[in-house]
Amino acid sequence: TSGPEVAMPLEWVPQAYRKQALQVKFAVQVCGWAGFFLFMVLPVSTCVGVLYGFSSLVRVWIFGADAGRYVDEINLRKGGVSPLQRFLVLNRSSMVLAFVLPISRFYQIYTHLRTDFVQAMASAPDEHTKRVEHIKSQFKQWREEEGTRRIVTARPGWQRVSVKQSAYKDGAFKVHIDRMADILEINTKDRFVKVEPMVNMGQLVPALMKGGWTLPVVPELEELTVGGMIAGTGIESSSHHSGLFQEFCIELEICLANGGVVTCSRHEREDLFEAFFWSYGTLGMLMSAKLRIIPSAPYIRLCYHAFDAEKDFCEFWTKESEKGVKFAEKGGDDVDLDKDNGTDGSHCSRFVEGLIFAKDRGVVMTGDFTNKVGEDGRMYRHGRWYQPYFYRHAEDVAAEARQLKRPVVEYLPLRDYYYRHSRSVFWEMENIVPLGDNPLFRWGFGWMLPPSVGFLKVTTPADLQEFYDTKHVIQDMLVPARDIERSLAIFRKHFDMYPLWVCPMTVRPNRGLVHTTGDRHELFVDLGAYGVPGAVKRGEDYDLIKEIRAVEDYVTSVKGYEMLYADSYMTRSEFGKMFDRKLYDELRVKLGADKAFPDIYDKVVEPKRLKILRELLGEEATK
């Protein structure tokens, strides 16, 4: 089909008045939802939030602080946080419940309504050309100002799905791209979708699934955008056979420093195509992307394999993940796994994911598309608002499998599986709203989870954010799978935190910033650590910068990589050792990007972290 597959609304309205009717419908829907949240949801959530905060204070006054709150108070005092800010930290759950949850939920609903409206109006392709011209005119304005400032997007830092604040944008020339958020074309005949960079996963994947299609790799948080996945990267449990998000990109449309718009692919401007991935928008500005799509199915058959020994976990995870490498070498999902696949022990599962709950306790989940629910397992609708967080559910099912001494099978609706970690933001929600997995809370307010990362950042004072930066870890390290056991030991030594996300991916040889060291595809593992380190939870002294730098040194030593969104404390030279900048630097000069856009290092290591490095290592070490 040409264009997104949507049912034509308001067919009973005469064609001449249909656009006006759609506009009225959209306005009524937005106003209706706004009224519902303003006059019904917000008063209730505010009352509940205030009552929860008050009851917490009364409980502490009568029974004393529980262990977790006591440790938090110790850390806050050590951090020199003011009494008011200590109060805000210790009672943040109340404020999130009262204000952040309803406001962010309304924003999400508004985004979905606007997407449906634009698709119904069939205006996206026409508007795209106008938007590109508008961006080109902004580049022209930059040149007329003699190009003294670096070009960045005008997207405010609070909208990023990251704890970073985008301080590098201060004083820069800001290009407005916020309206570049439309699905331009879904072509099922040639198996591709064309989208603008601000389209997010919660918008794109449901639109594809309506027609029985999906992406080879679907990053697990709905707020993640296509532009972010291309300029950075994206990974999921299908990456062992389909690689990173970049591997199914067919074509990119990019605005260069001179204001010209070019397309690139593996067959046209191949050097720019290879270098653009992971470049964080420092070679040009993405206008649109053409992505490969594959047939989907309504359900996932998910098999839970429980382990009581880390070695057994690693061996099984590696065996299942390595089966995807041969498919990656053939082009990932261009090869139909359902037809060109083995059986029994040689079968390559479409999805492989590991969760580690303690040193010797974990679960490996293997899954496949299926058109019906089989009799060998049970149906589990995780998408319903009252269900527990997925990692908690997986831990419970693993305990069941351990007791039965065999794997347990469940069937999940496809969308429920894709966004299984969204509601809990993996396991970060237990730090933001500790009562979030309480059954009463889930039934009453679970439909509003998760809060927007952006709204959480907006409600966090700068001084308080600096405190969090010293007590909280958000890291994704990509290391060769052959080093998985040693890597887990390093994470345990320096972070001592659980759960850990263990996700496989195949990395291919290329000339970009991230590639294998040889000429063969290689299996890597993404170790995801999100939360509060064990030492902090115990109230012990913890030098977060020292520990992160130690892990970064290790990752570089095994030819691995750090996700660009993560907290990085590498110096410029250390960053250059981890990432292959050769082609990137050549194109920066060739395309004039070195005079127009910030350097990738300056976007990854924010000014406040660079200041810390200068104080720690000296001025020379950071040049």
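Residues numbered from 1 in each chain as written. Predicted model: local features only at pLDDT ≥ 70, side-chain atom pairs only at ≥ 80, totals over all residues. Heavy atoms only, no water.

Novice: Kindly report on the environment of A596, identifying the contributing residues and their values.
Specialist: Mapping A596 onto the fold places it in helix α23 (residues 593-596). C-alpha separation for the pair A596 and R143, spaced 453 residues apart in sequence, amounts to 9.3 Å. Contact partners of A596, with chain neighbours within four places excluded, come to W142, R149, R150, I151 and A257. (Helix = DSSP H or I, 4+ residues; strand = E, 2+ residues; numbered from the N terminus. Contact = heavy atoms within 4.5 Å.)

Novice: Explain empty space enclosed by the protein to me, and be specific about the residues and the numbers.
Specialist: Counting across every chain of the model gives 6 cavities of 30 Å³ or more. By volume, the largest cavity is sized at about 40 Å³. L488, F491, R492, F495, D496, M497, Y498 and L500 together form the lining of the largest cavity. Residue contributions to the lining of the largest cavity peak at 3 residues, all from helix α18 (residues 484-494). For the lining of the largest cavity, a count of residues per class yields 6 nonpolar, no polar and 2 charged. (1 Å grid on protein atoms, 1.4 Å probe; cavity = no way out; pocket = protein on both sides within 12 Å on 5 of 7 lines; lining within 4 Å. Points joined across faces, edges and corners; volume = space filled by probe spheres on them. Nonpolar A, V, L, I, M, F, W, Y, C, P; charged D, E, K, R; others polar.)

Novice: Go over helix α10 (residues 310-322) with me, naming the residues and quoting the values.
Specialist: The terminal C-alpha atoms of α10, which comprises 13 residues, lie 18 Å apart, in line with the 18 Å expected from a rise of 1.5 Å per residue. Within the sequence span of α10, burial applies to E310, F313, C314, F316, W317, T318, E320 and S321. (Expected span 1.5 Å × (residues − 1). Buried < 20%, exposed > 50% of the residue type's maximum accessible area, 1.4 Å probe, protein only.)

Novice: For the side chain of D599, give the residues involved together with the corresponding values.
Specialist: Following the sequence through the fold, D599 ends up in the loop between α23 and α24 (600-604). Of note is the side chain of D599, whose polar atom sits 2.5 Å from the side chain of R581. In contact with D599, other than residues within four places in its own chain, are T282, R572, R581, Y584 and R588. (Polar contact = N/O pair within 3.5 Å; in protein donor to acceptor, adjacent residues only side chain to side chain.)

Novice: Lay out the nonpolar core with the relevant residues and their values.
Specialist: Membership of the largest hydrophobic core comes to 156 residues, with the highest contact counts inside it found for L204, L215, I230, L252 and L291. In terms of residue count, the dominant contributor to this core is helix α4 (residues 92-121) (9 residues). Residue contacts for L215: discarding those within four places in its chain leaves V193, M201, L204, L208, F245, F248, L291, R292, I293, I294 and Y418. Judged by nonpolar contacts, the second largest core, of 18 residues, contains I177, M180, M198 and C255. (Core = buried A, V, L, I, M, F, W, Y, C linked by side-chain atoms within 4.5 Å.)

Novice: Quick rundown of the sheet that holds strand β6 (residues 249-255)? Include the residues and the values.
Specialist: Pairing in this open sheet of 5 strands is antiparallel, and the strands run β3-β4-β8-β6-β7 from one edge to the other. Bordering the open sheet on either side are β3 (183-187) and β7 (261-264), each of which pairs with just one other strand. When strand polarity is set aside, the average angle formed by the axes of neighbouring strands in this sheet is 15°. Here strand β4 (residues 192-195) pairs with strand β8 (residues 285-292) via 4 bridges, running antiparallel. When the sheet's bridge partners are listed, F192 is paired in β8 with R292. Packed onto the sheet, helix α6 (residues 201-209) meets β3, β4 and β8 and runs at close to 30° relative to β3. (Pairing = 2+ DSSP bridges. Axes fitted to C-alpha atoms, helices over the stretch in contact; angles between N-to-C directions.)

Novice: Lay out a nonpolar patch on the surface with the relevant residues and their values.
Specialist: Residues L38, F39 and M40 make up a contiguous nonpolar surface patch of roughly 360 Å² in combined accessible area. Take L38: it is sitting in helix α1 (residues 18-63). (Patch = residues over 30% accessible without salt bridge, like charges linked within 9 Å, V, L, I, M, F, W, Y side chains within 5 Å. Areas by Shrake-Rupley, 256 points an atom, 1.4 Å probe, with all protein chains shown as cover. Salt bridge = Lys/Arg side-chain N within 4 Å of Asp/Glu carboxyl O.)

Novice: Can you explain the packing of aromatic side chains? Please cite residues and give values.
Specialist: All chains considered together, the criterion is met by 30 aromatic pairs. Geometrically, the ring pair formed by W33 and F37 is tilted, given 6.1 Å between the ring centres and 40° between the ring planes. One end of the pair is W33 and the other is F37, both in helix α1 and 4 residues apart, which spans about a single turn. For F37, a relative accessible area of 5% translates into the label buried. Their ring planes at 85° and their centres at 5.0 Å tell us that F273 and F277 sit as a pair that is edge-to-face. The burial state of F273 is the same as that of F277; both residues are buried. Three or more aromatic residues joined by ring pairs make a cluster, and in this case those are W278, F524, Y561, F575, F579 and Y601. Above the face of the F192 ring, K290 is positioned so that its terminal group lies 4.5 Å from the ring centre. The ring of Y417 carries the charged tip of R420 above its face, separated from the ring centre by 4.1 Å. (Phe/Tyr/Trp six-rings, centres within 6.5 Å; stacked < 30°, edge-to-face > 60°. Lys NZ or Arg CZ within 6 Å of the ring centre and 35° of its normal.)

Novice: Run through α6, naming residues and quoting values.
Specialist: Where burial is concerned, most of α6 is hidden: 8 out of the 9 residues are buried. Among all positions in α6, only M201, G202, Q203, L204, V205, P206, A207 and L208 are buried. Capping the start of α6 is the job of one residue whose side-chain oxygen sits 3.1 Å from the backbone nitrogen of G202: N200.

This is a description of form; function is not addressed.
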